[in-house]
Structures are given as C-alpha cells and as structure tokens.
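Coordinate analysis (summary)
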Amino acid sequence: MPDLTHGEDADAVNALRSSVMRLSRRLKHQRVDESLSPTEMSVLGTLARCGTATPGELARKEHVQPPSMTRIVALLEAKGLVRLEPHPEDRRQKVVTQTEEAEAMLEESRSRRNAWLASLAAELDEDEWARIRSAAPVLEKLAHL
C-alpha cells in the first residue's frame, strides 16, 4: 500500500474524513428516540448485528470501559430495551439481549435515516450516484477494519 500522507492522496484522505464525519453527525440527528444517547443507540445496533453478548463483550466492541458498559446496560434495561439473562455456560455472568421494543425502534430509526439519505442521494446526477454505489462496499470495509 502506498504512503497516503502526502499530496493528492493526503488531500483525499482529509476530504474523506471530513465528509464522513459531517454526514455521520447529520445522520445522528435523524434519530427516532431522542431520549437515547448515541452510545445507547450504538449498543443496541451492536446487539442487533451480533446477537446476545456479555457486558464485557459489548464494552470491547464499543470501545468503552466495562464499568461504563454496565451503566449503559442498566439504563437500557430500565427503558425496557434490553434484558439480562443468565449466561448459558457461566452462571457468574449475564448476557444482554435486546427486546422486541428495541428491534422495532431500531428498524424505524434505520428506515428514517435511509429515507433521509435517499433524499440527499436523489440530488446527485446518475454518474455521481453510480460512483457512490460502487464505493459503498469499500466504505463498509473501511468501517470494519
């Protein structure tokens, strides 16, 4: 892989970072439930993608400290969005599972954000949209590296 820290490559990296951050902030404003923090929404999204997890596993995936995740899980449980159940193999641990209410809320949130993003994309010409479509898998790969 070439050095991307100089010249036009560095400019492209800077433009990508800046535009992804701005777009992300704008997407965050399209939330369905304003009572949840972005971190709480992120935890629910992780549970939706990965299934049940221990609080420790969630902390690692969300890059927060375990005590912070314990507080987040407690808040989500109090709101009826997750439930704690005994770990199937280690009775000292609990696993966190999202509730049907959380699934419905996440689906509504995804639909709202997708509709908002589609309305922006509708402003692009065909060539611009084709480039975005072809870049989507690469952006997805970057998001998971």
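None of these values were measured; they are calculated from a predicted model. (Residues numbered from 1 in each chain as written. Predicted model: local features only at pLDDT ≥ 70, side-chain atom pairs only at ≥ 80, totals over all residues. Heavy atoms only, no water.)

Let us look at the UniProt feature "domain: HTH marR-type" (unreviewed entry) in the chain. Taking the UniProt record as the reference, the feature "domain: HTH marR-type" (unreviewed entry) is found at residues 9–144. Summarising residues 9–144: 70% helix, 7% strand, and an end-to-end C-alpha distance of 21 Å. (UniProt positions renumbered as here; feature names shortened; annotations may be inferred. Helix = DSSP H or I, 4+ residues; strand = E, 2+ residues; numbered from the N terminus.)

Moving on to the nonpolar core. Counting residues in each nonpolar core, the largest one holds 18 residues, and the members touching the most others are Leu44, Leu58 and Leu76. Of all elements in the fold, only helix H2 (38–50), helix H3 (55–62), helix H4 (66–78) and helix H5 (100–121) reach the threshold of two or more residues within this core. Setting aside residues up to four positions removed in sequence, Leu76 forms contacts with Leu36, Glu40, Val43, Leu44, Leu81 and Val82. (Core = buried A, V, L, I, M, F, W, Y, C linked by side-chain atoms within 4.5 Å. Buried < 20%, exposed > 50% of the residue type's maximum accessible area, 1.4 Å probe, protein only. Contact = heavy atoms within 4.5 Å.)

Within the fold, His87 resides in the loop between strand E1 (82–86) and strand E2 (94–98). Looking at His87, its side chain comes within polar contact range of the main-chain nitrogen of Glu89, at 3.0 Å. Among all residues touching His87, those that are not within four sequence positions of it are Thr54, Gln93, Lys94 and Val95. (Polar contact = N/O pair within 3.5 Å; in protein donor to acceptor, adjacent residues only side chain to side chain.)

Across the interface, helix H1 (residues 7–28) lies against H5 with an axial gap of 10 Å and an inter-helix angle of 130 degrees. If you check the angle between H1 and H5, you find them oblique. Taken as a pair, H1 and H5 cross one another with a handedness that is right-handed. Only Arg113, Trp116, Leu117 and Leu120 of H5 make contact with H1, whose side of the interface consists of Leu23, Arg26, Leu27 and Lys28. Here the residues of the contact of H1 with H5 are counted per class, giving 5 nonpolar, no polar and 3 charged. (Axes fitted to C-alpha atoms, helices over the stretch in contact; angles between N-to-C directions. Parallel < 35°, antiparallel > 145°, perpendicular 65-115°, else oblique. Left-handed = near helix turned anticlockwise from the far one by under 90°. Nonpolar A, V, L, I, M, F, W, Y, C, P; charged D, E, K, R; others polar.)

This paragraph deals with the pattern of salt bridges. For the coordinates displayed, the defined rule picks out 5 salt bridges. Put simply, Arg92 and Asp90 hold a salt bridge, and the shortest N to O gap is 3.0 Å. Of the residues examined, Arg92 reaches a relative accessible area of 76% and is grouped as exposed. A salt bridge links Arg110 to Glu107; its shortest N-O distance comes to 3.2 Å. Within this pair, Arg110 and its partner Glu107 are both found in helix H5, separated by 3 residues, close to a single helical turn. Overall, the relative accessible area of 40% leaves Arg110 in the partly exposed class. (Salt bridge = Lys/Arg side-chain N within 4 Å of Asp/Glu carboxyl O.)

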